[in-house]
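Fold and geometry: a report
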Amino acid sequence: MESESTPSTPGFWSRLGVGFKQAARASADGAKYLYRTADENRHYLLPALNGLVGDKLAEAKHALAIPMSLRLDGADAALDSPQITTLFKAKKRVAVLFLHGLMGDEIQWQAHPGDVPGYGPRLAAELGVTPLYLRYNTGRHISLNGRDLADLLDRLFRKYGSHIERLHIVAHSMGGLVTRSAGYYGTKAKHGWVQKLKSVALLGAPNDGSYLEKAGRLTTFILRRIWTLPTHIIARIAEERSDGIQDLRWGYLTDEDWQHAQADDLITAHRKHVPPLANVRYLVLAGTLPLDARSLVALYFGDGLVGRKSASGEAFREARARGEEFVETRVLTGVSHLGLLNHADAYALVKDLIQKT
């Protein structure tokens, strides 16, 4: 019997041709997406390089070493630049300073993929504050960046202090440790900006150290004790990770911490106690990937990079235990480390903190 072809049913070769076209279109779309994503994120290349070897770049005074600076319109802004002068001489401001984390930059506070506005523009639009963005070399010791930030704010307030009504700081990850270090050195030097600082929001800050850096230190310790040339080479390479990364092991905040003879201990942290600043309200925000914030996984691995216990911070837990109400600790479940930068509840908490102070 002669079979009849049905026009509505495409033959094998026709279906194969359609499949090839769809695959080619999907590949082209994928390639465009990857190119667009890479192009949009190429600004992270220099911060990533500084996070890895920024200490060595700074020591060599290399052109690729990122200098600490306020950033306006995608460029460094000197304190005597026309942009900064115009910004602060126009009227009295409520300033919010944003600090990025390891291998980050200020853009994460300004915008997210899909042209979603970041914390800075949103707070400016909704509260009328003046956002200030800091860029710094995350490969340097945290205490060196903390001291430099304290000095930068001191110079800013000496020049424009009469035009700055209040100061707030919002910091992510390592930026939270740099903030605490700056507060320590600013208080020690009796800087005026400390008196104008009203609130600090710490988002996913490894206040008691990072389990990843502890694991890295343990790995190099073991490799050093395996007597083969390849393991020693691997250990030597691993030991070249930057000073900033190594400071994350225990959350070192002062020079004495990393200069201590036993600073590289695997078990015990030899660090100076740095309490919260007096008369400053703190929001200590921890994220956890598990929905159960009380689980062991949440406690030690938290948001994937910083454990909940570390993010809550021993110094802040002690302050709360004393009944001091200026520290608020919150945990957001189902949130990753970078997710804290673009999360509705995290933003609402930061906004509420600034509004109340």
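Residues numbered from 1 in each chain as written. Predicted model: local features only at pLDDT ≥ 70, side-chain atom pairs only at ≥ 80, totals over all residues. Heavy atoms only, no water.

**What about the nonpolar core?**
Most often, soluble globular proteins have nonpolar side chains that are buried together. Note the following rule: Here the nonpolar core consists of buried residues drawn from Ala, Val, Leu, Ile, Met, Phe, Trp, Tyr and Cys, with membership extended through side-chain atoms lying within 4.5 Å. In this scheme, a residue with accessible area under 20% of its type's maximum is buried, one over 50% is exposed, and one in between is partly exposed, where area comes from a 1.4 Å probe on protein chains only. Numbering of helices and strands runs from the N terminus, with a helix taken as a DSSP run of H or I at least four residues long and a strand as a DSSP run of E at least two residues long. Note on definitions: a residue-residue contact is assigned when non-hydrogen atoms from the two residues lie within 4.5 Å.
Formed by 46 residues in total, the largest nonpolar core has its most connected members in Leu97, Leu156, Trp193 and Tyr282. Examining the composition of this core, we find that eight residues originate from one element, helix 6 (residues 142-160), more than from any other. Apart from the residues within four sequence positions on either side, tyrosine 282 is in contact with Val200, Leu202, Pro276, Leu277, Phe316, Phe326, Val327 and Glu328. Counting 23 residues, the second largest nonpolar core, distinct from the first, contains Phe98, Ala201, Leu203 and Leu285.

**Some thoughts on the pattern of salt bridges**
For the record, the criterion: Salt bridges are defined by distance alone: a side-chain nitrogen of Lys or Arg within 4 Å of a carboxyl oxygen of Asp or Glu.
All chains considered together, the criterion is met by 18 salt bridges. Arginine 140 is the partner of aspartate 148 in a salt bridge, and the nearest nitrogen-oxygen pair spans 2.9 Å. Its salt-bridge partner being aspartate 208, residue arginine 271 comes within 2.8 Å of it at the nearest N-O pair. Of the two residues, arginine 271 is situated in the loop between helix 12 (255-259) and strand 9 (281-288) and aspartate 208 in the loop between strand 8 (197-203) and helix 9 (211-224); the sequence distance between them amounts to 63 residues. Overall, the relative accessible area of 27% leaves arginine 271 in the partly exposed class. Via salt bridges that share partners, Arg71, Asp76, Asp105, Glu106 and Arg135 belong to a single interconnected network.

**Points about the packing of aromatic side chains**
Quick reminder of the rule: Each Phe, Tyr or Trp ring, with Trp reduced to its six-membered ring, pairs with another whose centre is within 6.5 Å; inter-plane angles below 30 degrees give stacked pairs, above 60 give edge-to-face pairs, and intermediate values give tilted ones. By the criterion adopted, a ring carries a charge over it if an Arg CZ or a Lys NZ lies within 6 Å of its centre and within 35 degrees of its normal.
Taken as a whole, this structure holds eight aromatic pairs when the rule is applied. Seen from their ring centres, phenylalanine 98 and tryptophan 109 are 5.1 Å apart, and the 40° between their planes marks the pair as tilted. Separated by 11 residues along the polypeptide, phenylalanine 98 in strand 3 (residues 93-99) and tryptophan 109 in helix 4 (residues 107-110) bring together distant segments of the chain. A residue is classified by how much of its surface remains accessible, and phenylalanine 98, at 0% relative accessible area, is buried. Each residue in the set Phe98, Trp109, Tyr119, Tyr133 and Tyr347 is aromatic and connected to the rest through ring pairs, giving one cluster. Lying over the aromatic face of tyrosine 347, arginine 122 brings its terminal NZ or CZ to 3.7 Å of the ring centre. One cation-aromatic arrangement involves arginine 147 over tyrosine 185; the distance from NZ or CZ to the ring centre is 4.2 Å.

**Some remarks on the sheet that holds strand 6 (residues 130-135)**
Let me state the cut-off plainly: Note: two strands are recorded as paired if DSSP finds a minimum of 2 bridges between them. In this analysis, axes come from line fits to C-alpha atoms, helices being fitted only over the stretch in contact, and the angle between any two N-to-C directions falls in the range 0 to 180 degrees.
With respect to topology, eight strands assemble into an open sheet ordered 2-1-6-3-7-8-9-10, the strand pairing being mixed. A single partner strand is all that each edge strand has here, and the edge strands are strand 2 (75-77) and strand 10 (327-333). Put simply, the sheet's adjacent strands are angled 30° from each other on average, direction ignored. Sheet topology places strand 1 (residues 69-72) next to strand 2; three bridges connect them, and they run antiparallel. Note on strand 2: the bridge partner recorded for leucine 72 is alanine 75.

**Describing unusual backbone geometry**
The phi dihedral of lysine 190 is positive, around 60°, even though this residue is not glycine. Relative to the elements of secondary structure, lysine 190 occurs in the loop between helix 7 (174-188) and helix 8 (193-196).

**Focus on helix 5 (residues 119-127)**
To be explicit about the condition: Of all possible arcs, the one meant is that of the directions from the helix axis to the C-beta atoms.
Three or more residues of helix 5 are buried, namely Tyr119, Gly120 and Leu123. Along the long axis of helix 5, the arc covered by the buried residues comes to 100°, so they all point the same way. The inward-facing, buried residues of helix 5 abut strand 3, helix 4, strand 5 (116-117), strand 6, strand 8 and helix 16 (344-356). The first or second residue beyond helix 5 is glycine 128, which carries a positive phi of 75°.

**Concerning the pairing of strand 3**
Strand 3 sits mainly inside the fold: seven of its seven residues count as buried. Here strand 3 shows a buried face lined by Arg93, Ala95, Leu97 and Leu99 and a second buried face lined by Val94, Val96 and Phe98. The sheet contact formed by strand 3 and strand 6 spans five bridges and is parallel. For alanine 95, the partnering residue across the bridge sits in strand 6 and is threonine 130.

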